[in-house]
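Single-letter residue listing:
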Amino acid sequence: MNFNPPDKNNRESPQKLGSPESWVDQDLLRPRALKENARRVMASDRRNTTVVTFCYLLMASWLPTLYFLFLSNPVSDALDALYAGFYDLSEQVAQLTDEGLVTLYGQVLSGAWSALREGLASGWGLVSTFLLILIMLIGVLTEYGFKSWSLRRLRGEFVGPEVLLHVVDLAGRILLLTLLVLGTVFLWGWLLAPLALYMWYRLRMAAYLMLDCPDMSAWQAYCVSPSVLRGHKWQLLKLDVSFFGWLFLAEGVTYAASMLSGNYYVYNLLALLAGTAVYLYVEPYRNLCYAGFFQALKDGSPQLRELEEALAERRRQREEE
């Protein structure tokens, strides 16, 4: 099968993935229905949900936070120099001419680049940078692993923390898809922020598409996601907004806990502990809702199921050859 993205110019065909004419049950996309189903799934196995979520937070939140808290690295030093330079620049901006502003701007960037080069010149700088890259990769893979757990748990599979690492086989495609999504959003953000937000919403289902169909490439998931979400981005926005209260609560609790101590290390550890306590409930709740949103779209898109079957058949043919 030769994969081609859906034809955007063909507006007469009801067969377009995710089009308003598809058979998606709109009631299943309502935040209330998605949340009720997510709570029911969580309540069916509360202990497993808590254990999986804690392992996810440990790798995606605790690991990078503790790294930046206790280990020095060239990237952090460069970012600190950049932040300090721009802060000083903002204090003087009213007193500078355009030429002076450009000169100081270049000096700030040069200082940050020098801090990065000096750090990388040492043995520890190279080791710490390698550890930073490794931690970032673990965070990305764990994020996809948690999405996979949410999708499988929603479908009735009783999977444990090991599912967080099952996506290692898809590591290459996960990294490529992450770069495609971030690159698209970043490039559109240079033009206009609302355009970047719109593009991000178009690509929100790409991760679920690739996790649900291992035969789908990163590029195929990237191309199909906008078609799956055609006509349904507003419902996804409403689902996001419905979680604002929970996110504000989590940030408020984190901030309040961090204010209990003036010590830098205690400050950050208290914030981390408080955030973990809240996100142990919020994270599976949110992710199960998004998994349910994808499942509703898939159930209402027979063309998507046909595409997955065709990709699986093509893989079987390659294996036979």
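Preceding this paragraph is the structure being described.
Cut-offs and rules
- Residues numbered from 1 in each chain as written.
- Predicted model: local features only at pLDDT ≥ 70, side-chain atom pairs only at ≥ 80, totals over all residues.
- Heavy atoms only, no water.
- Patch = residues over 30% accessible without salt bridge, like charges linked within 9 Å, V, L, I, M, F, W, Y side chains within 5 Å.
- Areas by Shrake-Rupley, 256 points an atom, 1.4 Å probe, with all protein chains shown as cover.
- Salt bridge = Lys/Arg side-chain N within 4 Å of Asp/Glu carboxyl O.
- Helix = DSSP H or I, 4+ residues; strand = E, 2+ residues; numbered from the N terminus.
- Buried < 20%, exposed > 50% of the residue type's maximum accessible area, 1.4 Å probe, protein only.
- Contact = heavy atoms within 4.5 Å.

**Let's talk about a nonpolar patch on the surface**
And step 1. A surface patch of nonpolar side chains, amounting to about 670 Å² of accessible area, comprises Leu66, Phe70, Leu71, Trp124, Val127, Tyr264 and Tyr265.
And step 2. Note on placement: leucine 71 falls in the loop between helix H2 (46–70) and helix H3 (74–92).
And step 3. Exposure remark for leucine 71: the relative accessible area of 34% places this residue in the partly exposed category.

**Comments concerning the pattern of salt bridges**
And step 1. Tallying each qualifying case throughout the model produces six salt bridges.
And step 2. A salt bridge links glutamate 36 to arginine 32; the nearest nitrogen and oxygen atoms lie 3.4 Å apart. On the criterion of helical spacing, the pair formed by glutamate 36 and arginine 32 is a turn pair, its members being four residues apart in helix H1 (residues 31–44).
And step 3. Notably, a salt bridge pairs arginine 155 with aspartate 212, separated by 2.6 Å at the nearest N-O pair. Residue arginine 155 is found in the loop between helix H5 (123–154) and helix H6 (171–191), and its partner aspartate 212 is found in helix H8 (residues 206–212); the two are separated by 57 residues along the sequence.
And step 4. Each of Arg155, Asp212 and Lys298 takes part in one network of salt bridges that share partners.

**Focus on the side chain of serine 128**
And step 1. Mapping serine 128 onto the fold places it in helix H5.
And step 2. Once you skip the residues sitting within four places of it in the chain, serine 128 turns out to touch Tyr67, Ser72, Asn73 and Pro74.

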